[in-house]
Amino acid sequence: MEALTWTLAIAAALFAAWRLPAWRLEKVARQPLPQAHIDILQANIPVYRRMAPELRLQLHRLVQQFLHQKKFVGCAGQAIDDEVRLTIAGQACMLLLNRPSRVYLGLETVLVYATNVMVPRKQVDEAGVVTEARQDLLGESWGDGRVVLSWDHVLHGARHWAEGQNVVVHAFAHQLDSESGSNNGAPWLGDPASYRRWSEVLSRDFANLRVDAMYRQQSVLDHYGASSPAEFFAVATEAFYAKPYEMAQRHPQLFEEFNAYYRV
């Protein structure tokens, strides 16, 4: 009897330890977003002001969870304050509206630099010679639970939304892409039948963008998307959120696929 009591006590303790983080998260998500945080969203992300009230409330809950779960690290002298955290979280969580989500489950840390990020790269030529180099980046999504961003470009993309050059939207589209197990331009769609249609439409429009890029033809989609299917998905996500009318007109089937996926 004593052994059974101890077993039940241990089981109860383990359950409590497992439940505690979830309980804390639920408590955080239920709390209203402080007015000071709302003021930052309104000031730095003009598109937020035009969102329907129910979408704003949904965004607030997602932002609360994002801030609770993700660690922000300032790099090369960049300070981390509420403005940095809210401006990044607000844009990242717009990709999750109206969709079941665990809020970027694979992401742990957001690294923020003041300006462009210089990262080491290894380049291999046709002879197999490896050359060390440094590449200038605005931001990048890494497969080890980290996203790296340039604060200058985070702020510019938020305040000039309609330009369609948004480093946060681009980087977090890659995070969604990777939820299917690989970064290949096909995020988790749930229904196997959806992948057939997705593959048909995106493969065709990806091929067309490669031709546009080759001949320098103007496109709603940034030519950088022609570099790989993963980049095509990220670039098309930027266009979907920033230039929906142009995308719907020039790429109607692609727009339909993204509208079904993002649900906004």
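Residues numbered from 1 in each chain as written. Predicted model: local features only at pLDDT ≥ 70, side-chain atom pairs only at ≥ 80, totals over all residues. Heavy atoms only, no water.

Colleague: Just checking my understanding: could you explain the sheet that holds strand S1 (residues 71-74) for this structure?
Modeller: Whether parallel or antiparallel, the strands of a sheet pair through hydrogen bonds between backbone atoms. The strand order across the open sheet formed by four strands is S1-S2-S6-S5, and the pairing between neighbours is mixed. On the outer flanks of this sheet lie S1 and strand S5 (139-141), each paired with one strand and no other. Averaged over all pairs of adjacent strands, the angle between their axes in this sheet comes to 20°, without regard to strand direction. Looking at chain direction, S1 and strand S2 (residues 109-113) are connected through four bridges and run parallel. Across the sheet, residue Lys 71 finds its bridge partner in S2, namely Thr 109. Sitting on the sheet, helix H6 (residues 151-159) is in contact with S2 and strand S6 (146-150), with an inclination near 80° to S6. (Pairing = 2+ DSSP bridges. Helix = DSSP H or I, 4+ residues; strand = E, 2+ residues; numbered from the N terminus. Axes fitted to C-alpha atoms, helices over the stretch in contact; angles between N-to-C directions. Contact = heavy atoms within 4.5 Å.)

Colleague: How do you make sense of the nonpolar core when you look at a structure like this?
Modeller: As a rule of thumb, nonpolar side chains are buried together in soluble globular proteins. Of all hydrophobic cores here, the largest spans 68 residues; its most connected members are Phe 66, Tyr 104, Leu 149, Phe 172, Phe 258 and Tyr 262. By residue number, the principal contributor to this core is helix H9 (residues 229-242), which donates nine residues. Ignoring any residue separated from it by four or fewer positions in sequence, one finds Phe 172 in contact with Phe 66, Ile 88, Ala 92, Leu 95, Tyr 104, Leu 107, Val 147 and Leu 149. (Core = buried A, V, L, I, M, F, W, Y, C linked by side-chain atoms within 4.5 Å. Buried < 20%, exposed > 50% of the residue type's maximum accessible area, 1.4 Å probe, protein only.)

Colleague: Explain helix H5 (residues 82-94) to me, please; I cannot follow it from the model alone.
Modeller: Each full turn of the α-helix corresponds to 3.6 residues, which orients residues three or four apart in the same direction. Between its terminal C-alpha atoms H5 stretches 18 Å, which fits the 18 Å expected from 13 residues at 1.5 Å a residue. The buried fraction of H5 is high, at 10 of 13 residues. Sitting at the head of H5, Asp 81 places a side-chain oxygen 3.2 Å from the backbone nitrogen of Glu 83. (Expected span 1.5 Å × (residues − 1). Polar contact = N/O pair within 3.5 Å; in protein donor to acceptor, adjacent residues only side chain to side chain.)

Colleague: Looking at this structure, how should I read helix H4 (residues 53-69)?
Modeller: The end-to-end C-alpha distance of H4 is 25 Å, a good match for the 24 Å that 17 residues give at a rise of 1.5 Å each. Of the residues making up H4, those classed as buried are Leu 55, Gln 58, Leu 59, His 60, Leu 62, Val 63, Gln 64, Gln 65, Phe 66 and Leu 67.

Colleague: I'm lost on the environment of Val 103 in this one. Help?
Modeller: Note that Val 103 resides in the loop between H5 and S2. Residue Val 103 is classed as buried on the basis of its relative accessible area, which comes to 0%. Between the alpha carbons of Val 103 and Leu 176 there is a distance of 9.6 Å; along the sequence they are 73 residues apart. Among all residues touching Val 103, those that are not within four sequence positions of it are Leu 62, Gln 65, Phe 66, Gln 69, Lys 70 and Leu 96.

Colleague: Is there a simple way to explain the pairing of S6 in this structure?
Modeller: Along a regular strand, successive side chains alternate from one face of the sheet to the other. Within S6, four of the five residues are buried, which leaves it mostly tucked inside the rest of the structure. Pairing analysis gives three bridges linking S5 to S6, with the strands arranged antiparallel. Looking at S6, one finds that Ser 141 is bridged to Val 147. Hairpin connection from S5 to S6: four residues lie between these consecutive antiparallel strands, with Gly 145 at a positive phi of about 85°.

Colleague: What exactly am I supposed to notice about the packing of H9 against helix H11 (residues 252-262) here?
Modeller: Two packed helices can be described by the angle between their axes and the distance between those axes. Between H9 and H11, the shortest axis-to-axis distance is 11 Å and the interhelical angle comes to 85°. In terms of orientation, H9 and H11 fall into the roughly perpendicular class. Here Phe 232, Phe 233, Ala 236, Thr 237, Phe 240 and Tyr 241 of H9 lie close against H11, whose contacting residues are Leu 254, Phe 255, Phe 258, Asn 259, Tyr 261 and Tyr 262. Here the residues of the contact of H9 with H11 sort into 10 nonpolar, two polar and no charged. (Parallel < 35°, antiparallel > 145°, perpendicular 65-115°, else oblique. Nonpolar A, V, L, I, M, F, W, Y, C, P; charged D, E, K, R; others polar.)

Colleague: Help me understand the pattern of salt bridges in this model?
Modeller: Opposite charge on two side chains permits them to pair, given that their charged atoms come into close proximity. Under the defined criterion, the tally for this structure stands at four salt bridges. The closest approach of N and O atoms between Asp 82 and Arg 85, which form a salt bridge, is 3.2 Å. Of the two residues, Asp 82 and Arg 85 both sit in helix H5, three residues apart, roughly one turn of that helix. Given the relative accessible area of 37%, Asp 82 is considered partly exposed. Residue Arg 85 is classed as partly exposed on the basis of its relative accessible area, which comes to 22%. (Salt bridge = Lys/Arg side-chain N within 4 Å of Asp/Glu carboxyl O.)

Colleague: What is the right way to look at a nonpolar patch on the surface in this model?
Modeller: Taken together, Val 211, Met 214 and Tyr 215 make up a surface patch of nonpolar side chains, about 360 Å² in accessible area. Tracing the backbone shows Met 214 in helix H8 (residues 192-214). Given a relative accessible area of 60%, Met 214 falls into the exposed group. (Patch = residues over 30% accessible without salt bridge, like charges linked within 9 Å, V, L, I, M, F, W, Y side chains within 5 Å. Areas by Shrake-Rupley, 256 points an atom, 1.4 Å probe, with all protein chains shown as cover.)

Colleague: How should the packing of aromatic side chains be read in this particular structure?
Modeller: The description of two aromatic rings rests on the distance between their centres and on the angle between their planes. Tallying each qualifying case throughout the model produces 17 aromatic pairs. Taken together, a centroid distance of 4.9 Å and an interplanar angle of 65° make the contact between Tyr 104 and Phe 172 edge-to-face. Residue Tyr 104 is found in the loop between H5 and S2, and its partner Phe 172 is found in helix H7 (residues 167-178); the two are separated by 68 residues along the sequence. Ring plane angle 75° and centroid distance 4.7 Å describe the contact between Tyr 261 and Tyr 262, whose orientation is recorded as edge-to-face. Assigned by exposure class, Tyr 261 and Tyr 262 land together as buried. Aromatic rings pair up to connect Trp 198, Phe 233, Phe 240, Tyr 241, Phe 255, Phe 258, Tyr 261 and Tyr 262 into one cluster. Cation over ring: Arg 56 sits above Tyr 48, and NZ or CZ is 4.8 Å from the ring centre. The ring centre of Tyr 261 lies 4.3 Å from the NZ or CZ of Arg 99, which sits over that ring. (Phe/Tyr/Trp six-rings, centres within 6.5 Å; stacked < 30°, edge-to-face > 60°. Lys NZ or Arg CZ within 6 Å of the ring centre and 35° of its normal.)

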